[in-house]
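# Summary of structural features
Here is what each chain is made of, one letter per residue.
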Amino acid sequence: MSALPDDTLRKILVQIQQTAVQSQRALNISRQQSASKDRERRILQLTIDEIQSIEGDVNLYKGVGKMFMMVPRKTMEQEFKTQEKELTDDINSLNKKAKYLEKQFNDAQSQLRDIFHHSPKQ
């Protein structure tokens with residue numbers, strides 16, 4: 001490392017630090033989005049359970065703007081199951097993204113640690 005000029009070394013350090021900061025921010029955002037989607041999915045699961053617990057042919061209504069439209073039970077259940085599947089897929093992709101970002105952050109920190117650990121003592 002000592003063969004590199006100070007200016008070049010400084011640029012490398014700044015780039016690694018920026019990578020670490022960007023990865024950390026993106027990781028936090030990804031975790032927040034995952035938690036939000038998980039919350040939505042739990043609410044949706046509770047709604048599905050409530051609809052399934054209702055016996056008989058009951059009118060179900062869906063909110064549309066300031067109005068409510070009557071929707072057949074099967075249609076409503078199918079829509080909710082589709083939404084639940086989409087949310088589960090989104091959560092899985094966000095978790096994969098979070099793992100990648102966490103690895104990227106840890107690599108950047110490791111590089112910084114190696115640079116400072118192996119730098120000549122002054």
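Residue numbers run consecutively from 1 along every chain, following the written order of its sequence. Restriction of local features to residues with pLDDT of at least 70 applies here, the model being predicted, together with a cutoff of 80 or more for giving and counting side-chain atom pairs; totals for whole chains, interfaces and linings are based on all residues. Side-chain figures throughout are based on the complete set of non-hydrogen atoms in the structure, without hydrogens or water.

### Concerning the environment of aspartate 38
- With respect to the helices, strands and loops of the structure, aspartate 38 is situated in helix H1 (residues 6-53).
- On the basis of relative accessibility, which here comes to 24%, the residue aspartate 38 falls in the partly exposed class.
- Through-space distance from the C-alpha of aspartate 38 to that of aspartate 90 is 9.3 Å; in sequence the pair is 52 residues apart. Helix and strand definitions follow DSSP, with helices as H or I runs of at least four residues and strands as E runs of at least two, each counted in order from the N terminus. Only protein chains enter the accessibility calculation, which uses a 1.4 Å probe; a residue is then buried when its area is under 20% of its type maximum, exposed when over 50%, and partly exposed in between.

### Regarding the nonpolar core
- Grouped together as the largest cluster of nonpolar side chains are eight residues: Leu44, Ile48, Ile51, Leu60, Val71, Met76, Phe80 and Leu87.
- Elements with a contribution of two residues or more to this core: H1 and helix H2 (73-118).
- Between two residues, a contact is recorded if the distance between any of their heavy atoms is within 4.5 Å. Setting aside anything within four residues of it in sequence, one finds isoleucine 48 in contact with Phe80, Lys81 and Glu84.
- Counting seven residues, the second-largest nonpolar core is a separate cluster that includes Ile16, Phe105, Ala108 and Ile115. Definition of nonpolar core: a set of buried residues of the types Ala, Val, Leu, Ile, Met, Phe, Trp, Tyr and Cys, connected through side-chain atoms within 4.5 Å.

Keep in mind these values describe shape, not function.
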